[in-house]
Amino acid sequence: MIMTKMEKEIIIITLIYLERFMFNTGLLINSRNWKRLLFTAMIIASKIWDDDSYENNHFAQVFTHLSVSEINALERTFLEMINYKVYVKCSEYFKYFFIIKSIALKYNFDGLSLVPISISKMMKLQEYAYQSQKKLRKRYALNNSTSN
């Protein structure tokens, strides 16, 4: 998050995407897959929810162990596994916000300094996510049909 200048709220969206992934696939996060799953969920969350997100070629420059084509493949596969559902409801966001906040308080850790986002910002983010979801489905559906 620090190296790519992601906003701290991205971690909440990332958790929502990871939960969707596990629910849709039945796969659990384990010692062999957690890094790639977390990384992929974070870059998708960043692209959807952050106005100033890196692109895959920039992520590849920061995370030099992955090529742009590997990042593209991870992103495409993850999106397919969550059925391109990048839209997040207010209730989902705040559920994870309060879970993270309560864990931070329990362990006296306030390193994230999370504060609830405003309703107007949440509405703006929801609309952007909804539009992005439609674009992603369309883009990957076109790519899949032309490659077959």
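Quick caveat: nothing in here was measured; it's all calculated off a predicted structure.

Q: Outline the packing of aromatic side chains, listing residues and values.
A: Under the counting rule described, the total for this entry stands at five aromatic pairs. Pairing phenylalanine 94 with phenylalanine 97 gives two aromatic rings, centres 6.4 Å apart and planes at 80 degrees, and the pair type is edge-to-face. One end of the pair is phenylalanine 94 and the other is phenylalanine 97, both in helix α5 (residues 90-106) and three residues apart, which spans about a single turn. Overall, the relative accessible area of 18% leaves phenylalanine 94 in the buried class. Overall, the relative accessible area of 2% leaves phenylalanine 97 in the buried class. Aromatic ring contacts, followed pair by pair, group Tyr93, Phe94, Phe97 and Phe98 into a single cluster.

Q: I'd like to hear about the pattern of salt bridges, residue by residue, with values.
A: A full pass over the atoms with the stated rule returns three salt bridges. As a salt-bridge pair, glutamate 92 and arginine 20 come within 3.0 Å of each other at their nearest N and O atoms. Placement of the pair is glutamate 92 in helix α5 and arginine 20 in helix α1 (residues 10-25), with a sequence separation of 72 residues. The same class applies to glutamate 92 and to arginine 20, which are both buried. A salt bridge links glutamate 75 to lysine 47, with the nearest nitrogen and oxygen atoms 2.9 Å apart. Placement of the pair is glutamate 75 in helix α4 (residues 68-81) and lysine 47 in helix α2 (residues 34-49), with a sequence separation of 28 residues. In this structure glutamate 75 comes out as buried when scored by relative accessible area, which is 5%. Assessed through its relative accessible area of 18%, lysine 47 is described here as buried.

Calculation criteria
- Residues numbered from 1 in each chain as written.
- Predicted model: local features only at pLDDT ≥ 70, side-chain atom pairs only at ≥ 80, totals over all residues.
- Heavy atoms only, no water.
- Phe/Tyr/Trp six-rings, centres within 6.5 Å; stacked < 30°, edge-to-face > 60°.
- Helix = DSSP H or I, 4+ residues; strand = E, 2+ residues; numbered from the N terminus.
- Buried < 20%, exposed > 50% of the residue type's maximum accessible area, 1.4 Å probe, protein only.
- Salt bridge = Lys/Arg side-chain N within 4 Å of Asp/Glu carboxyl O.

Just distances and angles here, no functional claims.
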